[in-house]
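# Topology and contacts: notes
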Amino acid sequence: ALAGGKAVNLGILLRAGFPVPGGFVVTTSAYRAERASGEGQADIERQLPSDALKRQILDAYESIGRGAVAVRSSATAEDMAGASMAGQYDTFLHVHDDATLLDAVGRCWASLDSPRTRSYLREHGIDLAQVAMAVVVQKLVRADVAGVLFTANPRTGNRTEMLAEAAWGLGEAVVSGRVQPDVLRLIRETGELVEHRVSDKRIMIPAGGDVEVETPEAMRRVACLQNGHIHQLWQLGRRAADHFAGEQDIEWAVQEGSLFLLQSRPITTLEEAEAYGAILSMTQSALKLEADAGRGPWVRHNLGETLPHPTPLTWSVMERFMAGAGGFGQMYRSAGFEPSETCRREGFLRLIAGRIYMDTSRAAGVFFDGFPFKYDLEALRTNPDAAQAPPTIPNGSLYARWKAGRRIGAINRKLAAMADDLDHQLRQKIFPKFGDYVAAERAKDLSRLSPTELAQLWRDRQSKVMDEFAPQSLLPSLVEGMVLGELRRFLAEQVWDRDIDELATTLSSSPTPNMTLLADAGLFEIAAGKRTLEDWLTRFGHRAAGEFDLATPRWREQPEAVRKLADRLAGGADPVQLHEAHARSVRKKVDELRAGMQPPAAREFDRLLDRVWRYISFREDGKFYLMLGYDLLRDVAREVGRRLGVGEDVFYLREDEMLAALAVSAAGALAPSSAEIQKDEGRRQNGKTNSPFSLQTSDFSLASTIVSRKRNFRAQARINLPHVIDAS
């Protein structure tokens, strides 16, 4: 509380005899006194110390022999369990005179209250008013070599090995990521060096300087740590980890052959790294077992473009929807397909380390059981988009393929018949009726519903939106695919000197603005003062970037973000005028092509274009209305989160878990708040307790589940996966 986390650690290390450069601390008491008195010069970047404090700081500076020092922030919130403030506050190197020292102290104070730190503290449930800033002034080591040492591998979570990074000059180049350092991996128990990767260290920050320079050619590809210092570094890491009884993130430097410890703090991301390794290992094992059972290969599905990393609640909704028995399967059934029993029961998508993949061994089942074609794996490797089309490699008898061809022909005739008036049905009946339903649902006061009623509302809304409406809103995509295919075949017959795919894409631009274009046009009107923000939010506030994830806040929840989007369009081109100009160019292209056709072909060209233009806008318009209903599900989930005391963390629960927790809360069990969950995580990381909360159903604990899911979610985001996975 007096010196901040960084200074306390350094003081402990000094007392224990570690080679830490000396210095002094401007305490939090001084910080609070200065802020309370308002003395000194203040501006947005710093508050210079008052005259009385200036004298004390400069006296202390004199007592350590003056010279170059490092001035580092040491806040009371630093390096708490579950949160590391590393990189959040300011540090100043090469401070070497009175004026610069006093200025650096003021800037460290100011870094306590910045948008970046306020956001970080809020995320970790820390009240800014309870945080104060001390400042460490420490003799600067004029490093020949410097870097970091982790006493456990932060990349994999492996506690049996250490990981070090080293570069020439000051360690700031390593910490900031400006240089690719040498990497050393050592066995924790013995210090054995099992990996020493020497990098091309193109830049360095030399001792006595404060800017990076090019590393001399003779030093760039040379190891900057020799065996003796490597052994000393290993010993230093062992001592620090033992002394603090926990894994440490250490900054170190070598000056004229002597090793110095500059800073030591707990590794707060180790559990995330362990989760990373565990997820990777379990995923590889699971896929190998599935491959041995005839599953896979797996290819990224295009749903992942709009839902790249779904939260658990979102995936539990979408996994059900995308199965053959769900709304997606219902869309196929309405067109005349009949998904297989396996596809109906288990679906054809698989979440692999948080990403959505299509199982090519089951995907053909979305058409009908025994579909006699399979996917070309080599084609998928070179063109992953091939997974969005039906499989092409024969996988059955000639008779089976003939029967399948007849069925596909009947389905295409059915889609062609639908194309006559499906667009009118949607625009004149289905969309307006659904809009009325959404308006009536929005009028409901969810806070007045009992837990049982709230759970039933979730089920009812999911059924209405995902099982009933979504298949209708997405059906035009099948019709569009059919008519686009017809247009491409027609163009291939009529136009021989053009890129047919490029030409078809150009011609399929609808002359009628879709809902996404109208939303952009509305933002442009806000920027021009011709439309109010409130009016725009009424129409488009249910949308958002990343809207397919239920956890994503909608625009209506963040009006200031919408205002900023609008401001970016100020003085730019009108989206509607741009669209009209593009539509005129397409019309001109159509006229040119039609002029070269015989009358029967020209009439067929017009018929195909009419259908393409009528259905192409449903890519965006169908999504507009689907998200209108999807927003109703988010409302229910947020209300459940409020009642359980977990807020937005409710999206880290699966649907069954969320409803089970709601049922338990209805029975009178205690629900932990978000702040309590964070505190519990801190206690758990320190090994002091298991979850203390009583909200449990069998082996399900709300608090521990959310903490674990969030950690795993962050770990999954770090995993790089190939577009095609073949585990056979």
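The following paragraphs examine the structure supplied in this document.

The rules we used
Residues numbered from 1 in each chain as written. Predicted model: local features only at pLDDT ≥ 70, side-chain atom pairs only at ≥ 80, totals over all residues. Heavy atoms only, no water. Helix = DSSP H or I, 4+ residues; strand = E, 2+ residues; numbered from the N terminus. Buried < 20%, exposed > 50% of the residue type's maximum accessible area, 1.4 Å probe, protein only. Contact = heavy atoms within 4.5 Å. Areas by Shrake-Rupley, 256 points an atom, 1.4 Å probe, with all protein chains shown as cover. Core = buried A, V, L, I, M, F, W, Y, C linked by side-chain atoms within 4.5 Å. Pairing = 2+ DSSP bridges. Axes fitted to C-alpha atoms, helices over the stretch in contact; angles between N-to-C directions. Parallel < 35°, antiparallel > 145°, perpendicular 65-115°, else oblique. Nonpolar A, V, L, I, M, F, W, Y, C, P; charged D, E, K, R; others polar. Phe/Tyr/Trp six-rings, centres within 6.5 Å; stacked < 30°, edge-to-face > 60°. Lys NZ or Arg CZ within 6 Å of the ring centre and 35° of its normal. Expected span 1.5 Å × (residues − 1). 1 Å grid on protein atoms, 1.4 Å probe; cavity = no way out; pocket = protein on both sides within 12 Å on 5 of 7 lines; lining within 4 Å. Points joined across faces, edges and corners; volume = space filled by probe spheres on them.

A tally of regular secondary structure across the protein gives 27 helices and 20 strands. Residues classed as buried in the protein amount to 48% of the 728 residues present. Put simply, of all contacts in the protein between residues at least 6 apart along the chain, 70% involve residues at least 24 apart. Accessible surface computed for the protein: about 34,000 Å², of which carbon and sulfur atoms make up 50%.

All right, on to the nonpolar core then. Ranked by internal contacts, the top residues of the largest apolar core, which has 114 residues, are Phe348, Trp458, Leu491, Leu507, Trp536, Phe605 and Met658. A total of 17 residues in this core trace back to one element, the largest contributor, which is helix α17 (residues 451–494). When residues no more than four places from it in sequence are discounted, the contact partners of Met658 are Leu313, Trp458, Ala637, Val640, Val650 and Leu653. Membership of the second largest hydrophobic core comes to 28 residues, among which are Phe18, Leu186, Trp234 and Trp252.

Below, the discussion takes up the sheet that holds strand β2 (residues 69–75). Overall, antiparallel pairing links the 4 strands, which are arranged β1-β4-β2-β3 in an open sheet. In this open sheet, the two edge strands, each paired with only one partner strand, are β1 (23–26) and β3 (91–95). With strand direction ignored, the average angle separating the axes of adjacent strands in the sheet is 20 degrees. With 3 bridges connecting them, β2 and β3 associate as antiparallel partners. Residue Val71 lies in a different strand from β3, and its bridge partner there is Phe92. In the packing of helix α1 (residues 4–15) onto the sheet, the strands contacted are β1, β2, β3 and β4 (133–139), and the crossing angle to β2 comes to about 115 degrees.

Quick look at unusual backbone geometry now. Of note, the bond from Gly296 into Pro297 is cis; its omega dihedral lies within 30 degrees of zero at -10 degrees. Its place among the elements puts Pro297 in the loop between α9 (270–292) and β13 (298–300). Backbone geometry places His94, a non-glycine residue, at a positive phi of 60 degrees. One can find His94 in strand β3.

The next point concerns the environment of Val495. Secondary-structure assignment places Val495 in the loop between α17 and α18 (500–507). When the C-alpha positions of Val495 and Leu593 are compared, they lie 8.3 Å apart, and in sequence the two are 98 residues distant. Contact partners of Val495, with chain neighbours within four places excluded, come to Ile500, Leu503 and Leu593.

Contact pair helix α15 (residues 398–418) / α17: the axes reach a minimum separation of 10 Å and the direction vectors enclose 110 degrees. By the criterion of interaxial angle, the relationship of α15 to α17 is roughly perpendicular. Facing α15, whose interface residues are Asn412, Leu415, Ala416 and Met418, α17 presents Leu475, Leu478, Val479 and Met482. Broken down by class, the residue content of the contact of α15 with α17 amounts to 7 nonpolar, 1 polar and no charged.

This part takes up the packing of aromatic side chains. How two aromatic rings sit relative to each other is given by the distance of their centres and the angle of their planes. Here the structure, examined in full by the defined rule, presents 23 aromatic pairs. Taking 5.2 Å as the distance between ring centres and 50 degrees as the angle between the ring planes, the aromatic pair formed by Tyr332 and Phe337 counts as tilted. Positioned above the aromatic ring of Phe18, the side-chain terminus of Arg239 is 4.0 Å from the ring centre. The cationic tip of Lys464 hangs over the ring face of Tyr437; the distance from NZ or CZ to the ring centre is 5.3 Å.

By the secondary structure assignment, Glu272 is in helix α9. Overall, the relative accessible area of 16% leaves Glu272 in the buried class. Leaving out residues up to four positions away in the same chain, Glu272 has contacts with Arg711, Arg714, Ala715 and Arg718.

This paragraph deals with the environment of Ala727. In this structure, Ala727 sits in the segment after β20 (724–725). Given the relative accessible area of 18%, Ala727 is considered buried. A C-alpha to C-alpha distance of 8.7 Å links Ala727 and Trp298, two positions 429 residues apart in sequence. The contacts of Ala727, once residues within four sequence positions are left out, are Leu287, Lys288, Ala291 and Trp298.

Look at α15: 30 Å from first C-alpha to last across 21 residues, which is about the 30 Å you get at 1.5 Å a residue. Along α15, the residues that are buried comprise Ala404, Gly409, Ile411, Leu415 and Met418. Residues of α15 that are buried sit in contact with α12 (327–335), α16 (422–442), α17 and α23 (599–616).

Glancing now at empty space enclosed by the protein. Using the criterion set out here, one finds 1 cavity of 30 Å³ or more in the structure. In this structure, the largest cavity occupies an estimated 40 Å³ of space. If you trace the largest cavity, you find it lined by Glu319, Met322, Ala323, Glu346, Gly347, Phe348 and Leu349. The residue makeup of the lining of the largest cavity, split by class, is 4 nonpolar, 1 polar and 2 charged.

Reading across the sheet, the 4 strands line up as β14-β15-β13-β20 and stay open at both edges, with antiparallel pairing between neighbours. Pairing within the sheet leaves two strands with one partner each, and these edge strands are β14 (349–352) and β20. Note that β14 and strand β15 (residues 355–359) share 4 bridges and pair antiparallel. Counterpart to Leu349 in the pairing with β15 is Met358.

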